[in-house]
Amino acid sequence: MIPKLELGHGVFANIEDAINAASAAQKVYEKDYTMEDRGRIIAAVRQRLADEARTFADMEYEETGYGRPDDKYGKNLATALGIPGIESIPKDVYTATEQGMVINVYSPFGVIGALTPVTNPSATITGNGLCNLAAGNAVVFNAHPAAKVSTAYALQVFNQAVVAAGGPENMITCIAEPTMESLDAIAKSPLIALMIGTGGPAMVNTLMKSGKKCICAGPGNPPSIVDETCDLDECARTLLMSHSMENNTLCVGEKEAFVVDEIFDVFMDAMERAGAKRLTKEEGAKVTALTCVPNGNGGYSANKKYVGKNTSVILEAAGIACEGDPRTAIFEADNMDPLVQTEQLMPILPVVRCKDFEEAMERAVFAEHGNRHSASIWSEDIKRVTAFGKAVKTTAFVQCGMTMTAVPGSPTIATPTGEGPTGPWTFLRRRRFSMGGGRGYIG
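Residues numbered from 1 in each chain as written. Predicted model: local features only at pLDDT ≥ 70, side-chain atom pairs only at ≥ 80, totals over all residues. Heavy atoms only, no water.

1. Things to note about the overall build of the protein chain
Of regular secondary structure, the protein chain possesses 15 helices and 21 strands. Relative to the 2.2 N^0.38 estimate, which gives 22 Å for 443 residues, the radius of gyration of the protein chain is 23 Å and therefore close to what a compact globule would have. For the protein chain, the spread of C-alpha atoms along the three principal axes comes to 70 × 60 × 40 Å. Relative to its full complement of 443 residues, the protein chain shows a buried share of 56%. (Helix = DSSP H or I, 4+ residues; strand = E, 2+ residues; numbered from the N terminus. Rg over C-alpha atoms; globule rule 2.2 N^0.38 Å. Buried < 20%, exposed > 50% of the residue type's maximum accessible area, 1.4 Å probe, protein only.)

Now the structure itself:
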């Protein structure tokens, strides 16, 4: 049961009040709390968030309808316990002939403006909140309207844990009724030093127009190559779980597979044994027609009605019989099938037959569309692995494993702006302190 959202503990009716409260809290936090204090507070907050991980999962599933509650629980728990803390803040000291001793001082930006996605609300609050507690920043969040209650609840729990551990109130804040106008107010506020957001191209464009430094996690269409040298049963089990996690709403999850012809049929059999529902080409065409809609720019976008829904829901809507609730459905797809070329965010894995590894690599690089996000390869041939890694140039690149293993503990994978997997170090301003000739200078 989704509780009635009440103000307080960081949730405000007015966005300016939310910004001002966060700014006041940050000043106190930076001035009066030591790095050891930050570590103690973070430890307490981690535990409280871990204790609430199941509640967060059930609440956001009920509010949004996206993903799977058990997957959300695991994701929330891993985020709370796995996000790096103060130990990850860089410590650079070196000597130079003329400057004497030089120290790079990593200082807080101040107040961060953040945009949270509908598919990942409480984990984003957890991840960005903990990173900025370590960095010494406060954060003002603008939630996705379709996840405003679960986002605000997670934020209130976070703040209560900070205060219970002796920290200041309102280290993270939000508005109860988020809108595009409230996001615009955050972006334009002189108290906001940096913006961070997770979403598609429209979100990235909006934040980039703010005139602030931006850290943006944009779209991805992660391909996976499977060749004849890998362990196919291990590949099938791992790829199925990674692709279907949260019904494939994770941007890092594999979205399509390119399999060499020599082992294509054996791979499809292995996927069935692992639990995938295998569709005929005709059934695959029905699913594609249902889930991909023309976007007016010559391409396709995901049909939002089916984003994050269970496989059985999608197949039933497409008029395809389905027993039980398989984690995903697979089918042999043409290379230019819209489901191959579109970030669909659904538990449907199109599999493209390729004559050899070279064709698989060419097609996989094309399908990634230069997002520089994520990719994986199932091959024991290190020369092939190296060649694909150099060609695709993604932020996350994995051999024989889940794509998400390349970005552990990152609340945001910033691809359009180039920061990659974020952590406390991302939210720090580097300053240089030089001590030469017995005199100190901070520049």
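Right, picking up where we left off after that structure.
2. With respect to the pattern of salt bridges
When the charged atoms of two side chains lie near each other, side chains of opposite charge can form a pair. Scanning the entire structure with this criterion turns up 24 salt bridges. A salt bridge links R353 to E332; the shortest N-O distance between them is 3.1 Å. Of the two residues, R353 is situated in strand β15 (residues 348-354) and E332 in strand β14 (residues 329-332); the sequence distance between them amounts to 21 residues. For R353, a relative accessible area of 27% gives the class partly exposed. Given the relative accessible area of 22%, E332 is considered partly exposed. (Salt bridge = Lys/Arg side-chain N within 4 Å of Asp/Glu carboxyl O.)

3. Some points on the sheet that holds strand β7 (residues 194-198)
If you walk across this open sheet you meet the six strands as β1-β6-β5-β4-β7-β8, and the pairing is parallel. The open sheet is flanked by β1 (11-12) and β8 (213-217), the only strands paired with a single partner. Relative to β8, β7 runs parallel, the two sharing five bridges. Paired with T198 across the bridge in β8 is A217. (Pairing = 2+ DSSP bridges.)

4. Looking at helix α8 (residues 201-208)
Residues of α8 that are buried: M203, V204 and L207. Relative to the axis of α8, the buried residues are bounded by an arc of 100° and lie together on one face. Exposed side chains of α8 directed beyond 90 degrees from the buried face belong to P201 and A202. Where α8 is buried, its residues contact β4 (111-115), α7 (180-188), β7 and β8. (Arc of directions from axis to C-beta. Contact = heavy atoms within 4.5 Å.)

5. A word on the nonpolar core
V45 and L133 are the most contacted members of the largest nonpolar core, which totals 65 residues. When near neighbours in sequence (up to four residues on either side) are disregarded, L133 contacts Y29, R38, I41, I42, V45, F158, V162 and M171. Core analysis: the next-biggest nonpolar cluster, separate from the first, contains 36 residues, F258, C292, Y306 and F331 among them. (Core = buried A, V, L, I, M, F, W, Y, C linked by side-chain atoms within 4.5 Å.)

6. Details of the sheet that holds β15
Across the sheet, which stays open at both edges, the seven strands sit in the order β11-β14-β15-β10-β9-β16-β17 with parallel pairing between neighbours. Both edges of this open sheet fall to β11 (277-278) and β17 (396-399), since each of them pairs with a single strand only. Here strand β10 (residues 256-260) pairs with β15 via four bridges, running parallel. Among the inter-strand pairings, A257 is bridged to a residue of β15, identified as V351. Sheet strands touched by helix α9 (residues 232-244): β9 (223-226), β15 and β16 (374-378). Its angle to β16, the strand with the most contacts, is close to 160°. Where helix α10 (residues 264-274) meets the sheet, its contacts fall on β9, β10, β11, β14 and β15, and the angle it forms with β15 comes to roughly 160°. (Axes fitted to C-alpha atoms, helices over the stretch in contact; angles between N-to-C directions.)

7. Some words on the packing of aromatic side chains
Under the counting rule described, the total for this entry stands at three aromatic pairs. Taken together, a centroid distance of 5.6 Å and an interplanar angle of 35° make the contact between Y29 and Y33 tilted. Both residues of the pair, Y29 and Y33, count as buried. Measuring from centroid to centroid gives 5.6 Å for F388 and F397, while their planes differ by 70°, and the two rings are edge-to-face. Here F388 falls in the buried class, since its relative accessible area comes to 0%. By relative accessible area, which is 27% here, F397 ends up partly exposed. In this arrangement the basic side chain of R54 is found over the ring face of Y73, its NZ or CZ atom lying 4.4 Å from the centre. (Phe/Tyr/Trp six-rings, centres within 6.5 Å; stacked < 30°, edge-to-face > 60°. Lys NZ or Arg CZ within 6 Å of the ring centre and 35° of its normal.)

8. Quick notes on the side chain of T151
On the secondary structure map, T151 appears in helix α6 (residues 148-164). Judged by relative accessible area, T151 falls into the buried class, the value being 0%.

9. Thoughts on the packing of helix α1 (residues 15-32) against α7
At a closest axis distance of 10 Å, the pairing of α1 and α7 adopts a crossing angle of 35°. For the crossing formed where α1 meets α7, the hand is right-handed. Of the residues in α7, those touching α1 at I15, E16 and I19 are S182, A185 and I186. Of the residues contributing to the contact of α1 with α7, the split by class is four nonpolar, one polar and one charged. (Left-handed = near helix turned anticlockwise from the far one by under 90°. Nonpolar A, V, L, I, M, F, W, Y, C, P; charged D, E, K, R; others polar.)

10. Topic: the pairing of β9
Here β9 shows two buried faces, one formed by P223 and I225 and the other by S224 and V226. Read as a crossover between parallel neighbours, the route from β9 over α9 to β10 is right-handed. Of the strand pairs in this sheet, β9 and β16 are connected by three bridges, and their pairing is parallel. In the strand pairing of β16, S224 is matched with S376. (Right-handed = clockwise from strand over helix to strand, strands pointing away.)

11. Quick look at the pairing of β10
Each regular strand shows side chains that alternate between the opposite faces of the sheet. The element β10 is largely enclosed, with a buried count of five among its five residues. Neither face of β10 is open: one carries E256, F258 and V260, the other A257 and V259, and all of them are buried. Pairing geometry for β9 and β10, over four bridges, is parallel. Residue pairing in the sheet places V226 in a bridge with V259 of β10.

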